[in-house]
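Structural overview for review
Next come the chains, spelled out residue by residue.
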Amino acid sequence: MPKPLFTSALLVAFTFSWAQAHVYKGQKEYIKNCKSCHAVGKDMAGSKTQRDWEKMLGENGATLANLHLKSKDAEASHDYFGSKKYEKNVNHLLDFLQEFAKDSGNVPACD
Ligand code: HEC
């Protein structure tokens, strides 16, 4: 294999697994912190577009956090959304939700 081709193939493989690791971390985070109140992660992710998720979880997840902090029904999540842990992991969560967003092409259509 010519060297440049080999190098870029390697780079693609590396980038791919790196991205997958983030998605996996986000999924774990979802299961631990969201699933008690919300549906299966992939259904939740598929309810919005990648852009919607970006808006909601961008800027350290402020929009999503406020939405929960304002809601009495979401009281059990207030510790989590107010924590440093949330800010630290919100990017993984975003990766996971975008991976399976409505327009990602990764959700099997069943309608
Ligand atoms: C303690 C229960 C609880 C937990 C835990 C929780 N949520 Fe929620 N969530 C709610 C409630 C209640 C609402 C509705 C708030 C409102 O609009 O008043 C909501 C609303 C939302 C919405 C908006 C729905 C829409 O259609 O716009 C999204 C998105 C969401 N949650 C995502 C998450 C994610 C991601 C996590 C984990 C990081 C999470 N939630 C954790 C209770 C929870």
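Our structure's up above, just so we're on the same page.
These numbers come from a predicted model, not from an experiment. (Residues numbered from 1 in each chain as written. Predicted model: local features only at pLDDT ≥ 70, side-chain atom pairs only at ≥ 80, totals over all residues.)

1. Regarding helix H1 (residues 3-33)
With 31 residues, H1 extends 45 Å from end C-alpha to end C-alpha; this agrees with the ideal 45 Å at 1.5 Å per step. In the core, the buried residues of H1 are packed alongside helix H2 (41-45) and helix H5 (84-99). (Helix = DSSP H or I, 4+ residues; strand = E, 2+ residues; numbered from the N terminus. Expected span 1.5 Å × (residues − 1). Contact = placed C-beta atoms within 7 Å.)

2. A few points about the site of the ligand
Neighbouring the ligand are 15 residues; Cys-34, Cys-37, Ser-71, Asp-73 and Ser-77 lie closest to it. Per-element tally for the shell around the ligand: the top contributor is helix H3 (residues 50-69), with four residues. Considering only residue class, the shell around the ligand consists of eight nonpolar, six polar and one charged. (Near = placed C-beta within 6 Å. Nonpolar A, V, L, I, M, F, W, Y, C, P; charged D, E, K, R; others polar.)

3. Some words on the nonpolar core
Counting 15 residues, the largest nonpolar core has Leu-57, Leu-93, Leu-94 and Leu-97 as its most contacted members. Elements represented by at least two residues in this core include exactly H3 and H5. Looking at this core element by element, the count peaks at six residues for H5. Excluding residues within four positions of it along the chain, Leu-97 makes contact with Ala-45, Trp-53 and Leu-57. (Core = buried A, V, L, I, M, F, W, Y, C linked by C-beta atoms within 7 Å. Buried ≥ 20, exposed ≤ 12 C-beta atoms within 10 Å, placed from the backbone.)

Shape descriptors only; they carry no functional weight alone.
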